[in-house]
Amino acid sequence: MTYFIAQILPYITVTVFVLGVVYRLWRWAASRIVHNITLSPFPQTKTEVAGIYLREILLFRNVFNFDRPLWVGAWPMHIALLNVIGGHVVGFYFLGKQFVYLGASEALSKYLSNLLGTVFGIILLAGLLYLLYRRIAIDKVRQVSNPSDYLMLLLLISIVSIGNFMRLVPEYGMHYEPVKEYFTTLILFQPAAIPEGNPFFIAHLLLAQILIMILPFSKLMHLFGMFGMRWIENRVYKEPAPGLPNVDVAAARARGTGLSSAGSTDVA
């Protein structure tokens, strides 16, 4: 079973993830948008559009404005998730010595790497537990939740909990070197057995791969979908909107419907 999880399943996981994401993106791109639904106030330049993107991606502005209690849990959770994923990639690649390039000693770099990983792991777990609490305890959230929402949260909580356990209890953890060597052999299509046969690492790896395979077919695709949604809703407004079927713009103007003049941002 360990052989399958560590040496065969990773290739299946990557294949399912890539094909699933490409399929979902293709479906979105092929969908016909027959109305220009840019939201007011309309951005006038691409710089303004980029500003909206950054505010939404970095600060979750809409969530902050319309559901402050959700933002309190969602924003820290996503920031912690970004740092945990980045910490995995950078930490294992540089063997925990990434801070040496900022002037720290190797010992201090490894200490900081472990400390930040632990802190962000705890923040991530707290955020996930808070989101699960909201789905269970708040009636209006519970009404729009379905079983998959709970299962995804429980899967994420399980992955993060095992990862935190391995960090907080070093004798059950994994050192940087063997993990880097293992992933290097996967990339080179010469998969090697996982050193030490750590059951917690096996469980962590298995659950993470299940999550990655499910992601393209779940609500977690908002990771990619938010960029398309932002483009549709916040791109520079151009009128008349392309793709409107059987619409005579000149006749509509003569009747006094639609926009009063080309480029105007005041809707009649």
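Up top is the structure.
Let us look at the structure shown here. Everything numeric in this text was worked out from a predicted model, so none of it was measured.

Cut-offs used in this document
For every chain, the first residue of the written sequence is number 1, and numbering continues from 1 along that sequence. A pLDDT threshold of at least 70 governs which residues receive local features in this predicted model, and a stricter bar of 80 or more applies before side-chain atom pairs are shown or counted, although totals over entire chains, interfaces and linings include all residues. Where side-chain values are given, they derive from all heavy atoms of the structure, hydrogens and water being excluded. Throughout this description, the term salt bridge denotes a Lys or Arg side-chain nitrogen within 4 Å of a carboxyl oxygen of Asp or Glu. Helix numbering and strand numbering both begin at the N terminus, where a helix is a DSSP run of H or I of at least 4 residues and a strand a DSSP run of E of at least 2. Each residue's exposure class comes from its accessible area (1.4 Å probe, protein chains only) as a fraction of the maximum for that residue type: buried when under 20%, exposed when over 50%, partly exposed otherwise. To define axes, lines are fitted to C-alpha atoms, for helices over the stretch in contact only, and angles between the resulting N-to-C directions are given on a 0 to 180 degree scale. Should the near helix be turned anticlockwise from the far one by less than a right angle, the crossing is left-handed, and should it be turned clockwise, the crossing is right-handed. A contact between two residues is defined here by any heavy atoms of the two lying within 4.5 Å. Throughout, the ten residues Ala, Val, Leu, Ile, Met, Phe, Trp, Tyr, Cys and Pro are labelled nonpolar, Asp, Glu, Lys and Arg are labelled charged, and all others, Gly among them, are labelled polar. Between the first and last residue of a helix there are one fewer steps than residues, each counted as 1.5 Å, and that sum is the expected span. Any two of the Phe, Tyr and Trp rings considered here, Trp counted by its six-membered ring, make a pair once their centres fall within 6.5 Å; the pair's planes then place it as stacked at under 30 degrees, edge-to-face at over 60, or tilted in between. Whether a charge sits over a ring comes down to the Lys NZ or Arg CZ being within 6 Å of the ring centre and within 35 degrees of the ring normal.

**A look at the pattern of salt bridges**
Piece 1. This structure, assessed with the given rule, holds six salt bridges.
Piece 2. With its nearest N and O atoms 2.9 Å apart, the salt bridge here joins Arg-142 to Asp-139. Remark: Asp-139 and Arg-142 occur in helix α6 (residues 139-143); sequence separation between them is three residues, near one turn of the helix.
Piece 3. Taking relative accessible area as the criterion, Asp-139 reaches 40% and is therefore assigned partly exposed.
Piece 4. Two residues, Asp-149 and Lys-219, come together in a salt bridge whose shortest N-O distance is 3.0 Å. On the criterion of sequence distance, the pair formed by Asp-149 in helix α7 (residues 147-168) and Lys-219 in the loop between α9 (199-214) and α10 (222-234) is long-range, its members being 70 residues apart.

**Points about the packing of helix α4 (residues 68-93) against helix α5 (residues 106-137)**
Piece 1. Viewed as axis vectors pointing N to C, α4 and α5 meet at an angle of 145 degrees, and their least axial separation amounts to 8 Å. The element α4 and its partner α5 pack so that their crossing is left-handed. Taking contact as the criterion, the partners of Pro-69, Leu-70, Gly-73, Ala-74, Pro-76, Met-77, Ala-80, Leu-81, Asn-83 and Val-84 in α4 are, on α5, Phe-120, Gly-121, Ile-123, Leu-124, Gly-127, Leu-128, Tyr-130, Leu-131 and Arg-134.
Piece 2. Class assignment for the residues of the contact of α4 with α5 results in 14 nonpolar, four polar and one charged.

**Description of helix α2 (residues 46-59)**
Piece 1. Under the 1.5 Å per step criterion, the end-to-end length of α2 is 19 Å for 14 residues, consistent within 8% with the ideal 20 Å.
Piece 2. For α2, every residue scored as buried is listed here: Val-49, Gly-51, Ile-52, Tyr-53 and Glu-56.
Piece 3. Backbone geometry just downstream of α2 places Phe-60 in the positive-phi region, at approximately 55 degrees.

**Examining the packing of aromatic side chains**
Piece 1. Across all of its chains, the model carries 11 aromatic pairs by this definition.
Piece 2. Plain terms: the ring middles of Phe-64 and Trp-71 are 5.0 Å apart, the flat faces sit at 80 degrees to each other, and that makes the pair edge-to-face.
Piece 3. Taken together, a centroid distance of 5.7 Å and an interplanar angle of 65 degrees make the contact between Phe-92 and Tyr-176 edge-to-face. Of this pair, Phe-92 sits in helix α4 while Tyr-176 is found in helix α8 (residues 176-187), placing the two residues 84 residues apart along the sequence.
Piece 4. Residue Tyr-176 is classed as buried on the basis of its relative accessible area of 12%.
Piece 5. Taken together, the aromatic side chains of Phe-64, Trp-71 and Trp-75 make up a single cluster linked through ring pairs.
Piece 6. Sitting over the ring of Phe-64, Arg-68 keeps its end group 3.8 Å from the ring centre.
Piece 7. For the cation-ring pair, Lys-180 lies above Tyr-93, with the distance from its terminal atom to the ring centre recorded as 5.0 Å.

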